[in-house]
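# A structural walkthrough
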Amino acid sequence: MKILHTADWHIGKKLDNFSRLEEQREVLEEISTIAEEQNVDAVIVAGDLFDNFNPSAEATELLYTTLHRLAANGKRAVIAIAGNHDSPERIQVPEALAKVCGIIFIGFPNTEITPFKTPGGVTITKTSPGFFELQLPNSPFPLRIIHTPYANEQRLKTFLGIDKPEDSLRTYLQNHWHQIASQHLDSNGFNLLVTHLFVMKEGGEKPEEPEDERPILHIGGAQAIYSNNFPDEVHYVALGHLHRYQVVDTLPAPVVYASSPLAYSFSEADQKKYVVLLEATAGALLNYNKMELKAGKVLKRVRFSEVQQSIDWLVENQNCLVELTIEADSFLEAADKKRILEAHAGIIQIIPQIKKLETADEPNQVDLSLGIDKLFQEYFKSQRKGQTPSDGLMEVLKEVLGTDIE
């Protein structure tokens, strides 16, 4: 059995005001091609299908057309769970139609999937809250799935019956997963757990979160789920939420973040992105390998002290999105900013960083006999740690005053 693990598509995501939809279309085409060339039996999408609760029509169409292609007319199972960016109600709306194609949408914790069989031979043979078993057309043994979509405090109270999630999330999920494992998992099938949570090794280093995910670090008040909370019967844990590929732990099984398919914030600058290909047999994971994705633009954070240096670099590095910092003694002139923007179409931010200059103590007295231009210069220096105003700024002052400044 071959399984493809991917996550955190964030369809509809923008970088500031820069749309990534065309890049997403390209990278999802690449993922679909990998699934076809590798002849995978199932695809796991571990949450954050969309970037927000109300995706655009274009984003919705891209998701459905991609999943439909991956499902190969019901010959391949596709399991997609909700992440923290998804509306669980929206994820489960097309459930009935999706099942015909072999697509299984799971929006809420403890969802119970209704048994079905596709014309292509994908069959759900067992089901219970938080679990189902699949028989796939080309596999002699079943695929068992324990699933836990993202759960915030309200969903935990409503769907899991936890009154104080900040105290008992880890305990509840561990008991929930272990109960399912004891009832449904054995060595006669391949056992996989898919979830969209913040997971780390107990006592280990806390994984870095992308900038856009940091506000939801505390899920229901719990800092993290630990890898030792997963049951021993599981052969692989497919995670979503963190955007960098990482193997959190190898016990009780490989616990893996597949990564997002594109870099979505500058905290992910220069990161490589992957999907994970699993090869399994009954009772064991044979191997799992990350496969690098090539589509989409790399994010770059660069810093220069000269405008011309930045322009030269920009001209030579066109296929990326850029956060550019310019260190200078004075503010960036409008003409220089125009030259920079004309050099590259993918500049997301220009950050002027004024060098801190040594400054003398502020004078106790102001010489009012000085001209307005000199007074302005002295005031500017007092407020900007000794920095003198640029020629451009003095030109603006001249225009405001309607006089010539020597």
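The structure this text deals with has already been given above.
About the thresholds
- Residues numbered from 1 in each chain as written.
- Predicted model: local features only at pLDDT ≥ 70, side-chain atom pairs only at ≥ 80, totals over all residues.
- Heavy atoms only, no water.
- Helix = DSSP H or I, 4+ residues; strand = E, 2+ residues; numbered from the N terminus.
- Buried < 20%, exposed > 50% of the residue type's maximum accessible area, 1.4 Å probe, protein only.
- Contact = heavy atoms within 4.5 Å.
- Areas by Shrake-Rupley, 256 points an atom, 1.4 Å probe, with all protein chains shown as cover.
- Salt bridge = Lys/Arg side-chain N within 4 Å of Asp/Glu carboxyl O.
- Pairing = 2+ DSSP bridges.
- Axes fitted to C-alpha atoms, helices over the stretch in contact; angles between N-to-C directions.
- Core = buried A, V, L, I, M, F, W, Y, C linked by side-chain atoms within 4.5 Å.
- Polar contact = N/O pair within 3.5 Å; in protein donor to acceptor, adjacent residues only side chain to side chain.
- Parallel < 35°, antiparallel > 145°, perpendicular 65-115°, else oblique.
- Left-handed = near helix turned anticlockwise from the far one by under 90°.

### Notes on the overall build of the protein
For the protein, the count of helices and strands is ten helices and 20 strands. Looking at the protein as a whole, 51% of its 406 residues are labelled buried. At a minimum sequence separation of 6, the contacts of the protein that also span at least 24 residues come to 67%. Carbon and sulfur atoms make up 47% of the accessible area of the protein, which amounts to about 18800 Å² in all.

### What about the pattern of salt bridges?
As enumerated under the stated definition, the model contains 14 salt bridges in all. Put simply, glutamate 36 and arginine 69 hold a salt bridge, and the shortest N to O gap is 2.8 Å. With a gap of 33 residues between them, glutamate 36 in helix H1 (residues 21–37) and arginine 69 in helix H2 (residues 57–71) connect regions that are remote in the sequence. As a salt-bridge pair, arginine 144 and glutamate 133 come within 2.8 Å of each other at their nearest N and O atoms.

### Concerning the sheet that holds strand E10 (residues 190–196)
As summarised here, the arrangement of the seven strands in space is E7-E8-E9-E10-E13-E15-E14, forming an open sheet in which the pairing is mixed. Lying at the two open borders of the sheet, with one neighbouring strand each, are strand E7 (123–128) and strand E14 (246–249). Taking the axes of each pair of neighbouring strands and ignoring which way they run, one obtains an average angle of 25° across the sheet. Here five bridges tie E10 to strand E13 (residues 236–240), and the two strands are oriented parallel to one another. Directly across from threonine 195, in E13, lies its bridge partner leucine 239.

### Regarding the nonpolar core
If you look at the biggest cluster of nonpolar residues, it comprises 34 residues, and the most contacted ones within it are Leu134, Leu143, Phe190 and Leu192. At four residues, the largest contribution of residues to this core is made by strand E16 (residues 274–281). If near-sequence neighbours (up to four positions away) are discounted, leucine 143 is found in contact with Met1, Ile3, Ala42, Phe132, Glu133, Leu134, Leu136, Phe190 and Leu192. By size, the runner-up hydrophobic cluster in this structure holds 33 residues, among which are Ile11, Leu21, Val45 and Leu70.

### Quick look at the sheet that holds strand E20 (residues 347–354)
Pairing within the open sheet is parallel, and its three strands lie in the order E18-E19-E20. Each edge of the open sheet carries a strand with a single partner, namely strand E18 (298–304) and E20. Going across the sheet, the axis of each strand differs from the next one's by a mean of 15°, ignoring polarity. Bridge count for E18 against strand E19 (residues 320–328) is seven bridges, and the pairing is parallel. In the strand pairing of E19, valine 298 is matched with cysteine 320. Across the face of the sheet, helix H7 (residues 307–316) comes into contact with E18, E19 and E20 while running at roughly 170° to E19. Against the sheet, helix H8 (residues 334–343) touches E19 and E20, its axis set at about 145° to E20.

### Some words on unusual backbone geometry
Most of the time, phi is negative for any residue but glycine, and the peptide bond is trans. The step from leucine 251 to proline 252 runs through a cis peptide bond, and the omega angle for that step is 5°. Secondary-structure assignment places proline 252 in the loop between E14 and strand E15 (255–257). Phi is positive for asparagine 73, close to 55°, though the residue is something other than glycine. Looking at asparagine 73, the relative accessible area reads 56%, which means it is exposed. A positive phi angle is found at aspartate 270, which is not glycine, with a value near 70°. Tracing the chain through its elements places aspartate 270 in the loop between E15 and E16.

### Observations regarding the environment of tyrosine 226
By the secondary structure assignment, tyrosine 226 is in strand E12 (residues 225–226). In this structure the C-alpha to C-alpha distance between tyrosine 226 and arginine 170, which are 56 residues apart in sequence, comes to 7.7 Å. Excluding its chain neighbours within four sequence positions, the residues that come into contact with tyrosine 226 are Arg170, Val199, Met200, Lys201 and Glu202. Engagement of the side chain of tyrosine 226 in a polar contact is seen with the side chain of arginine 170, the distance being 3.3 Å.

### Let's talk about the packing of H7 against H8
Taken N-terminus to C-terminus, the directions of H7 and H8 make an angle of 15°; their axes are 9 Å apart at the nearest point. Between H7 and H8, the angle is such that the two are roughly parallel. Where H7 crosses over H8, the handedness of that crossing is left-handed. Contacts between H7 and H8 involve Val307, Gln308, Ser310, Ile311, Leu314 and Val315 on the former and, on the latter, Asp336, Arg339, Ile340 and Ala343.

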